[in-house]
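# Reading the structure
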Amino acid sequence: MAKKKKIRDVVYGFVVLDEQECAIIDHPAFQRLRRIRQLSLTDMVYPGATHTRFEHSIGVLQMATDMFDCIVANNRQDLDEAYSLDDSGIRNARKTVRLAALLHDIGHAPFSHSGEDLMPLLPPDHRRYVEGANKRYEHEEYSIAIIKEVFRPLIEDHPLNRNFRIKAEDVTALLGDPSVRIDAPSLLWKELISGQIDADRADYLLRDSLHLGISYGLYDRSRLINCLTLGKSE
């Protein structure tokens, strides 16, 4: 039986991690997130804002998992009929969502968003390049590249992946990787990672409010999670 570990999180309580997720967290590229503050220099004004991208990333994993589980519980028959997702497909999708959530911020630079103005300018052959616009690489692009180059072995070659056969591109697809053709079920789960009401926002609103000692980002997490469902449009 695969060994699991628990991390005590300030927002969710205990977060349970499997061996593969622990191996990813133990990697130096992930450990560097301990030294990147979530809100950059905000602690100069709000002294409590010393939380990091490390704890936020683990929090997003838990938030995304809770969102996923509730959607599945509320829409199990629809997922089977619309996407032919059996229990094996659901298990595979759940694991992919967890990996994408855990690694979504792996490309952040020092000083978090405040350092993005120092990122390299886009080359002329880049898809977002606009002449004279001085557009720069974004941390999401670094995250996608790091997952493919650095974390591919831990994703694809870890013994636990024998049960899933997940590829690095399955993970980056949920982060908006333009080089990956995404299928319909993955397009649905992508909303949990990089959508309008995603696990990233859902976590940092609560986490930032808690550490800053303010209330404007607080919301009823239990209600948000338990009311998640699929909508159909004609």
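The following paragraphs examine the structure supplied in this document. (Residues numbered from 1 in each chain as written. Predicted model: local features only at pLDDT ≥ 70, side-chain atom pairs only at ≥ 80, totals over all residues. Heavy atoms only, no water.)

### A look at the overall build of the protein
Scanning the protein for helices and strands turns up 10 helices and two strands. Counting helices and strands in the order they occur from the N terminus, the protein gives β-β-α-α-α-α-α-α-α-α-α-α. For the protein, whose C-alpha radius of gyration is 18 Å, the value lies close to the compact-globule estimate of 17 Å for 234 residues. Referenced to the eigenvectors of the C-alpha coordinate spread, the extents of the protein come out at roughly 50 × 45 × 45 Å. Looking at the protein as a whole, 46% of its 234 residues qualify as buried. By sequence separation, contacts in the protein at least 24 residues apart represent 63% of the contacts at least 6 residues apart. As displayed, the protein has an accessible area near 12,900 Å², and 51% of this comes from carbon and sulfur atoms. Positive and negative side-chain charges of the protein, numbering 31 and 36 respectively, have mean locations separated by a distance of 4 Å. (Helix = DSSP H or I, 4+ residues; strand = E, 2+ residues; numbered from the N terminus. Rg over C-alpha atoms; globule rule 2.2 N^0.38 Å. Buried < 20%, exposed > 50% of the residue type's maximum accessible area, 1.4 Å probe, protein only. Contact = heavy atoms within 4.5 Å. Areas by Shrake-Rupley, 256 points an atom, 1.4 Å probe, with all protein chains shown as cover. Lys, Arg positive; Asp, Glu negative; His and termini not counted. Charge placed at Lys NZ, Arg CZ, Asp CG, Glu CD.)

### Let's talk about helix H1 (residues 19-26)
Of all the positions in H1, only Gln-20, Glu-21, Cys-22, Ile-24 and Ile-25 are classed as buried. Measuring from the backbone nitrogen of Gln-20 back to the side-chain oxygen at the start of H1 gives 3.1 Å, which picks out Asp-18 as the cap. (Polar contact = N/O pair within 3.5 Å; in protein donor to acceptor, adjacent residues only side chain to side chain.)

### Details of the pattern of salt bridges
Considering all chains together, one arrives at 17 salt bridges under this definition. The residue Arg-37 makes a salt bridge to Asp-43 at a minimum N-O spacing of 2.5 Å. Among the ionic pairs, Glu-138 bridges to Arg-128, the shortest N-O distance being 3.7 Å. Here the residue Glu-138 occupies a position in the loop between helix H4 (87-103) and helix H5 (139-149), and Arg-128 occupies one in the loop between H4 and H5, the gap between them amounting to 10 residues. By relative accessible area, Glu-138 is classed as partly exposed at 36%. Residue classification places Arg-128 among the buried residues on the basis of a relative accessible area of 16%. Through salt bridges that share partners, Asp-9, Glu-55, Asp-203 and Arg-207 make up one connected network. (Salt bridge = Lys/Arg side-chain N within 4 Å of Asp/Glu carboxyl O.)

### A closer look at the side chain of His-108
Checked against the element boundaries, His-108 lands in the loop between H4 and H5. Since its relative accessible area comes to 1%, His-108 is described here as buried. In terms of polar contacts, His-108 uses its side chain to reach the side chain of His-139, at 3.4 Å. Contact partners of His-108, with chain neighbours within four places excluded, come to Arg-32, Ile-36, Arg-53, His-113, Glu-116 and His-139.

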